[in-house]
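An overview of the molecular structure
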Amino acid sequence: MGGAGRGWRIALWGEVAVNPTASALSKRARAMLARLSLSPTMTFDRATLAALRWPERTDAQALGNLRQLLHDHGWLMQAPEPLLIVARDRLDLDPTIRTDHSALLGTAAGEPEPLADALEATDPRFLAGLDGLGEDFEAWRSSETRRAVAVV
């Protein structure tokens, strides 16, 4: 798996983004990656992730929407350094992925960055640019934002 070779990094402070140069990500894809990266295991059961993302849809419709999202962003799963590992029943982020949030918490790959330097370079908005994705997602985003701000 080694996302470290490609240098994948997910920005959660400011506009949610994936670097290097993943500007073609849709808002829904960025929301999915944010949710995965903030999960303690960086993994989600596909059905659960689909239901969380599309709560107003039937299970079959939500899974169909997730399949379409993955199809539209297939380059995230391409070897040799995939960011997203897709199994039959779950999605995983490469466990070597770094996020700006984990860097602030000093947990990224066991190499803490000096907090003062990290805070100075950080946009104060958490999970920005993901509005308009539904009430359930907004409730999760608000909860994560409160938690992140309290920790940092």
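A general feature of soluble globular proteins is that nonpolar side chains tend to end up buried together. Counting 37 residues, the largest nonpolar core has Met32, Leu33, Leu66, Leu83, Leu84 and Leu127 as its most contacted members. Taken together, the elements giving at least two residues each to this core come down to helix H1 (27-38), helix H2 (46-53), helix H3 (59-72), strand E5 (90-93) and helix H6 (135-151). Take this core: its biggest share by element is seven residues, from H1.

For the rest of this paragraph, the subject is the sheet that holds strand E2 (residues 17-19). A sheet is described by the order of its strands in space; here three strands give the open sequence E2-E1-E6, paired in mixed fashion. The outermost strands of the open sheet, each flanked by one partner alone, are E2 and strand E6 (98-99). Two elements, strand E1 (residues 9-11) and E6, share two bridges in a ladder whose sense is parallel. Note that in E6 the partner of Arg9 across the bridge is Arg98.

All right, on to the packing of H1 against H3 then. Closest axis-to-axis distance for the H1/H3 pair is 10 Å, and the angle between their directions is 100 degrees. Judged by the angle between their axes, H1 and H3 are roughly perpendicular. Along its contact with H1, which presents Arg28, Ala29 and Met32, the element H3 presents Leu66, Leu69 and Leu70. Grouping the constituent residues of the contact of H1 with H3 by class yields five nonpolar, no polar and one charged.

Right, let's get into the packing of aromatic side chains. On inspection of all chains with the given rule, the structure shows three aromatic pairs. Where Phe137 meets Trp140, the ring centres are 5.3 Å apart and the plane angle is 45 degrees; that geometry is what we call tilted. In this pair, Phe137 and Trp140 both sit in helix H6, three residues apart, roughly one turn of the helix. Take Trp140: its relative accessible area is 13%, and that puts it in the buried class. The ring of Trp54 carries Arg53 above its face, with NZ or CZ at 5.5 Å from the centroid.

The next subject is the sheet that holds strand E4 (residues 84-86). Spatially, E3-E5-E4 is the arrangement adopted by the three strands of the open sheet, whose pairing is antiparallel. With partners counted over all chains shown, the strands left at the sheet margins are strand E3 (43-45) and E4, one partner each. Put simply, the sheet's adjacent strands are angled 15 degrees from each other on average, direction ignored. Bridging between E4 and E5 involves three bridges; their strand directions are antiparallel. If you follow Leu84 over to E5, its bridge partner there is Leu93.

Cut-offs and rules
- Sequence order sets the numbering: in each chain, residues are counted from 1 along the sequence as written.
- With pLDDT at 70 or above as the cut-off, local features in this predicted model cover only qualifying residues; side-chain atom pairs require 80 or more to be listed or tallied, and sums for whole chains, interfaces and linings still use all residues.
- Note: side-chain values were computed over all heavy atoms of the structure, leaving out hydrogens and water.
- Buried Ala, Val, Leu, Ile, Met, Phe, Trp, Tyr and Cys residues form a nonpolar core when they are joined through side-chain atoms within 4.5 Å.
- In this scheme, a residue with accessible area under 20% of its type's maximum is buried, one over 50% is exposed, and one in between is partly exposed, where area comes from a 1.4 Å probe on protein chains only.
- Here a strand is any run of E in DSSP of at least two residues, a helix any run of H or I of at least four, and the numbering for each starts at the N terminus.
- Only strands that DSSP links by at least two bridges are regarded as paired with each other.
- Every axis in this analysis is a line fitted to C-alpha atoms, fitted for helices over the stretch in contact. Angles between the N-to-C directions lie between 0 and 180 degrees.
- Orientation labels follow simple angle bins: below 35 degrees gives roughly parallel, above 145 gives roughly antiparallel, 65 to 115 gives roughly perpendicular, and whatever is left gives oblique.
- Residue contacts are counted whenever heavy atoms from the two residues lie within 4.5 Å of one another.
- In this classification, the charged set is Asp, Glu, Lys and Arg, the nonpolar set is Ala, Val, Leu, Ile, Met, Phe, Trp, Tyr, Cys and Pro, and all remaining amino acids, among them Gly, are polar.
- Geometry of aromatic contacts follows a simple scheme: Phe, Tyr and Trp rings, the Trp one being its six-membered ring, pair when their centres are within 6.5 Å, and the pair is stacked under 30 degrees between planes, edge-to-face over 60, tilted otherwise.
- Here, over-ring charges are defined by two tests on the NZ atom of lysine or the CZ atom of arginine: distance to the ring centre within 6 Å, and angle to the ring normal within 35 degrees.

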